[in-house]
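Each chain, letter by letter, is given below.
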Amino acid sequence: MSAASISLQQEPFDAAAEVAALTRSRTDIGAVVTFTGICRGEENGAPITALTLEHYPAMAEAEIARQVEAAQSRWSLLCVRVIHRFGRIAPGEDIVLVVTASSHRHDAFAAAEFLMDYLKTRAPFWKQVEQAGASSWVAAKETDEAAAARWTKPRAAAE
Amino acid sequence: MRVKLLYFAWLRERIGKNAEEIEPPPGIATVGDLVAWLAKQGDEYAHAFANPGVVRAAIDRAHVKADAPIAGAREIAFFPPMTGG
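Residues numbered from 1 in each chain as written. Chains lettered and ligands numbered in written order. Predicted model: local features only at pLDDT ≥ 70, side-chain atom pairs only at ≥ 80, totals over all residues.

**Topic: the overall build of chain B**
Our working rule: Helix and strand assignments follow DSSP, with helices taken as H or I runs no shorter than four residues and strands as E runs no shorter than two, numbered in order from the N terminus. Radius of gyration here uses only the C-alpha atoms, and the compact-globule reference equals 2.2 Å multiplied by the residue count raised to the power 0.38. Backbone-placed C-beta atoms define the burial measure: a residue is buried with 20 or more other C-beta atoms within 10 Å of its own, exposed with 12 or fewer, and partly exposed in between.
Across its full length, chain B carries 3 helices and 5 strands. In sequence order, the secondary structure elements of chain B are arranged as β-α-β-α-α-β-β-β. Its C-alpha atoms give chain B a radius of gyration of 12 Å, near enough to 12 Å, the size a compact globule of 85 residues would have. Oriented by its inertia axes, the alpha-carbon framework of chain B measures out at about 35 × 30 × 20 Å. Put simply, chain B has 85 residues, and 31% of those count as buried.

If you want it as structure tokens, here you go:
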């Protein structure tokens, strides 16, 4: 199984430094795909002050590890790095990082998209937005469920 | 057999606790049975579990469906659909 590193943390991360650390001194990696999820400044058409992410720590680690393992068995990956923040996050700040590395680009692209679709629907985090002095829970999107579901269709259709 | 229950997000807010230990009475075999029983334990529980279709569960840190048996579970978590990523 290729190397995988998963971190759950409150602190911001440096996406460029993470990618540099993965690829340093390696000549087998031909493709690196980096996805960063960022806190937007608005939700449902109104500006937000902040986002707060609640999480279930032990399950988040276990579940993300399962998703990464699933990606590693399905695609040829040389390494995977996932960072997911929790706690209070301001607009413009990064929330999540997924980096996948492979010899050729198809596997890195597909695995990164798969991991994001699964993180959105199965990783135990819940977002609360602060808007105009009040907090409310963000509702899960059906489009996210649909995106995750397409990975279980017969291979020819999904890929 | 005592089991630890965990609550997250608005379920936690409605119930007013993030965790508790309970001993489910005999006859509670599945997650669905447990939700139905919990809903009767007080107004706050009824409010939290008012729409069981929207409540998700995990047993020992893995997602399960409503028909999953709870026998042997050490930790059962209840939460709304996830919004991470």
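**Description of the overall build of chain A**
Put simply, the test is: Contact criterion: two residues are in contact if their C-beta atoms, reconstructed from the backbone, are within 7 Å.
The secondary structure content of chain A amounts to 5 helices and 10 strands. Since a compact globule built from 159 residues should have a radius of gyration of about 15 Å, the 16 Å found for chain A is in line with a globular shape. If you line up chain A on its principal axes, its C-alpha atoms span 50 × 35 × 30 Å. Taken across its 159 residues, chain A has 31% of its residues classed as buried. Within chain A, contacts between residues separated by at least 24 positions form 75% of all contacts whose residues are at least 6 apart in sequence.

**Notes on the environment of B:G27**
Considering the arrangement of structural elements, one finds B:G27 in the loop between strand 2 (19–22) and helix 2 (31–38). Sequence spacing of B:G27 and B:A57 is 30 residues, and the spatial spacing of their C-alpha atoms is 19 Å.

**Let's talk about the interface of chain A and chain B**
Spelled out, the test is: Here the nonpolar group is Ala, Val, Leu, Ile, Met, Phe, Trp, Tyr, Cys and Pro; Asp, Glu, Lys and Arg are the charged ones; every other residue, Gly included, is treated as polar.
With 21 residues of chain A at the contact, the number on the chain B side is 15 residues. Among the secondary structure elements, those contributing two or more residues to the side of chain A that touches chain B are helix 2 (57–74), helix 3 (105–122) and strand 9 (125–131) of chain A. The element contributing the most residues to the side of chain A that touches chain B is helix 3 of chain A, with 5 residues. Taken together, the residues of the side of chain A that touches chain B break down into 14 nonpolar, 3 polar and 4 charged.

**Here's the deal with the sheet that holds strand 9 of chain A**
The pairing of strands in a sheet happens through backbone hydrogen bonds and is either parallel or antiparallel. Residues and elements named next belong to chain A. Selection criterion: For two strands to count as paired, DSSP must find a minimum of two bridges between them. To get an axis, fit a line to the C-alpha atoms, keeping to the stretch in contact for a helix; angles then go from 0 to 180 degrees between the N-to-C directions.
In spatial order, the strands read 7-5-9-10; together these 4 strands make up an open sheet with antiparallel pairing. The open sheet is flanked by strand 7 (87–89) and strand 10 (134–137), the only strands paired with a single partner. Ignoring strand direction, the axes of neighbouring strands in this sheet form an average angle of 25°. Pairing between strand 5 (residues 50–55) and strand 9: 6 bridges, direction antiparallel. Residue pairing in the sheet places L51 in a bridge with V129 of strand 9.

**With respect to the pairing of strand 1 (residues 3–7) of chain B**
Residues and elements named next belong to chain B. Bridge count for strand 1 against strand 2 is 4 bridges, and the pairing is antiparallel. The partner of L6 across the bridge, within strand 2, is A19. Relative to strand 5 (residues 75–79), strand 1 is paired through 4 bridges, and the arrangement is parallel. Across the sheet, K4 pairs through a bridge with E75, a residue of strand 5.

**Let's talk about the packing of helix 2 of chain A against helix 3 of chain A**
Residue and element names in this part refer to chain A. Quick note on the threshold: If an angle is under 35 degrees, it is roughly parallel; if it is over 145, roughly antiparallel; if it lies from 65 to 115, roughly perpendicular; otherwise it is oblique. In a left-handed crossing the near helix is turned counterclockwise from the far helix by less than a right angle, and in a right-handed crossing that turn is clockwise.
Where helix 2 meets helix 3, the axes come as close as 10 Å, and the angle between the chain directions of the two elements is 150°. Between helix 2 and helix 3, the interaxial angle falls into the category roughly antiparallel. Two packed elements cross with a definite hand, and for helix 2 against helix 3 that hand is right-handed. Touching E63, Q67, V68 and A71 of helix 2 are A111, F114, L115, Y118, L119 and R122, all from helix 3. For the contact of helix 2 with helix 3, the class distribution of residues is 7 nonpolar, 1 polar and 2 charged.

**Some details on helix 2 of chain B**
All names here are of chain B. Put simply, the rule reads: Directions from the helix axis toward the C-beta atoms define the arc.
Listed as buried for helix 2 are V31, L34 and L38. Taken end-on, helix 2 shows its buried residues confined to a sector of 60°, consistent with a single buried face. Those residues of helix 2 that are buried are in contact with helix 3 (43–48), strand 3 (56–59), strand 4 (62–64) and strand 5.

**A word on the nonpolar core**
Definition in use: One nonpolar core equals one set of buried Ala, Val, Leu, Ile, Met, Phe, Trp, Tyr and Cys residues connected by C-beta atoms within 7 Å.
Counting 55 residues, the largest nonpolar core has A:A111, A:L115, B:F8, B:L11 and B:A77 as the members making the most contacts within it. Considering each element in turn, this core owes the most residues, 9 residues, to helix 3 of chain A.

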